[in-house]
Amino acid sequence: MEKKKLKFYYRVVTVICLFFLIAGVCFTIYMMADNKKKNISYFEEATGSMAKTITSLIQSNMETLDGVALTIGQMEVTDLEHLLPVIREINNRNSFFRMGFIDAGGSGDMVDMDGTIHQNLDFSQEHFYQKAMEGANALSDTVDDPYSGKYINYYGVPVVIRG
């Protein structure tokens with residue numbers, strides 16, 4: 001009789017252990033799924049917030065460049081020699097990596113924040129340039145900058161010279 005009771009207790013203990021093991025595995029799977037769902041929700045929220053911040057920054061940069069374009073248009077000057085002091089001063093007061101002027105033929109002169117000048121660059125085939133020439137503000141795709149090795153975006157705003 002003792003052996004039967006002992007076997008019964010072993011079976012009960014084994015069943016209880018299996019129950020806790022299965023419950024523990026189920027709880028772990030549930031927690032992993034819940035954690036994954038919370039992480040996805042957090043990342044969606046973070047990327048949404050980041051998108052709003054970037055959109056706001058782009059809009060702010062466009063507004064700044066619209067003001068610069070208006071000023072250059074009123075100056076009625078398009079050569080780098082005369083624009084260079086103005087562009088440098090504006091560039092010293094903002095966070096643009098490079099600023100410049102592209103003429104109606106697509107040839108551009110650019111000045112980096114550190115004062116490096118890049119002359120006679122061809123932008124004629126660039127979408128942002130073509131859109132700006134149509135009178136609209138434009139933003140390029142992110143491109144690899146050949147001068148710095150960093151990734152950059154070009155902003156294009158039309159400059160209307162009334163002279």
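Higher on the page you've got the structure.
A brief structural summary. Per-chain numbering applies: the sequence of each chain, read as written, is numbered from 1 onward. With the structure being a predicted model, the display of local features is reserved for residues of pLDDT at least 70 and the display and counting of side-chain atom pairs for 80 or more, all residues being used for whole-chain, interface and lining totals. Only hydrogens and water are removed before side-chain values are computed, so all heavy atoms of the structure are retained for them.

### Some remarks on the overall build of the protein
And then number 1: The secondary structure listing takes helices from DSSP runs of H or I that are at least 4 residues long and strands from runs of E that are at least 2 residues long, numbered from the N terminus. Helix and strand counts for the protein stand at three helices and seven strands.
And then number 2: Each helix and strand of the protein, placed in order from N terminus to C terminus, yields the pattern α-α-β-β-β-α-β-β-β-β.
And then number 3: When we talk radius of gyration, it's over C-alpha atoms, and the globule rule is simply 2.2 Å times the number of residues to the 0.38. Taking 163 residues into account, the globule formula puts the C-alpha radius of gyration at 15 Å, and the protein, at 32 Å, lies well above it.
And then number 4: Buried residues in the protein amount to 25% of all 163 residues.
And then number 5: Any two residues whose heavy atoms approach within 4.5 Å at even a single point are treated as in contact. Here the analysis covers contacts within the protein between residues at least 6 apart in sequence; of these, 39% occur between residues at least 24 apart.
And then number 6: Surface exposure of the protein reaches about 12200 Å², of which carbon and sulfur atoms provide 59%. For every residue, the accessible area (1.4 Å probe, protein chains only) is compared with the maximum for its type, and the residue is labelled buried under 20%, exposed over 50%, or partly exposed between those bounds. Here, Shrake-Rupley sampling with a 1.4 Å probe gives the accessible areas, and only protein chains in the shown set may cover a residue.

### Notes on the nonpolar core
And then number 1: Take the buried Ala, Val, Leu, Ile, Met, Phe, Trp, Tyr and Cys residues and link them wherever side-chain atoms come within 4.5 Å; each set so joined is a nonpolar core. By size, the foremost hydrophobic cluster in this structure holds 15 residues, and its most contacted members are Leu65, Val68, Ile72, Leu83, Ile87, Met99 and Val157.
And then number 2: At the level of elements, α1 (2-75), α2 (80-92) and β1 (98-102) are the ones that each hand at least two residues to this core.
And then number 3: Residues Ile102, Tyr129, Ala138 and Tyr154 belong to the second largest nonpolar core, which totals nine residues.

### Looking at the pattern of salt bridges
And then number 1: Put simply, a salt bridge is a Lys or Arg side-chain nitrogen that is within 4 Å of an Asp or Glu carboxyl oxygen. Inspection of every chain in the model, using the stated rule, returns three salt bridges.
And then number 2: The partner of Asp112 in a salt bridge is Arg98, and the shortest N-O contact between them spans 2.4 Å. With a gap of 14 residues between them, Asp112 in strand β2 (residues 107-112) and Arg98 in strand β1 connect regions that are remote in the sequence.
And then number 3: Linking Arg98 and Asp145 is a salt bridge whose minimum nitrogen-to-oxygen distance equals 3.0 Å. Placement of the pair is Arg98 in strand β1 and Asp145 in the loop between β5 (143-144) and β6 (151-152), with a sequence separation of 47 residues.
And then number 4: With a relative accessible area of 12%, Arg98 lands in the buried category.

### Things to note about the packing of aromatic side chains
Each pair of aromatic rings is reported with the distance of its centres and the angle of its planes.
And then number 1: Each aromatic pair joins two rings of Phe, Tyr and Trp (for Trp, the six-membered one) with centres within 6.5 Å, and gets the label stacked for planes under 30 degrees apart, edge-to-face for over 60, and tilted for any other angle. In this structure the tally under the stated criterion is seven aromatic pairs.
And then number 2: Through a chain of ring-to-ring contacts, three or more aromatic side chains come together here, namely Phe123, Phe128 and Tyr154.

### Let's talk about the sheet that holds β2
And then number 1: Taken in spatial order, the three strands of this open sheet run β1-β2-β3, and their pairing is antiparallel. Edge positions in the sheet fall to β1 and β3 (117-122), since each has one partner strand and no second. Taking each pair of neighbouring strands and ignoring which way they run, the sheet shows an average axis angle of 25°.
And then number 2: Each pair of strands is called paired provided DSSP finds at least two bridges between the two strands. Relative to β2, β1 is paired through five bridges, and the arrangement is antiparallel. Fitting a line to C-alpha atoms yields each axis, with helices limited to the stretch in contact; the angle taken between N-to-C directions then spans 0 to 180 degrees.

### Observations regarding α1
And then number 1: Between its terminal C-alpha atoms α1 stretches 108 Å, which fits the 110 Å expected from 74 residues at 1.5 Å a residue.
And then number 2: Of all the residues in α1, the buried ones are Asp34, Asn61, Met62, Leu65, Val68, Ala69, Ile72 and Gly73.
And then number 3: Downstream of α1 by a residue or two, Glu76 has a phi angle that is positive, lying close to 60°. The span one expects for a helix is its residue count, reduced by one, times 1.5 Å.

### Let's talk about the pairing of β1
Looking along a regular strand, one sees side chains alternate from face to face of the sheet.
And then number 1: With four of five residues buried, β1 is to be regarded as a mostly interior element.
And then number 2: Connecting β1 to the next strand, β2, in antiparallel fashion are four residues, including Gly106 with a positive phi near 95°.

Shape is all these values report; function is a separate question.
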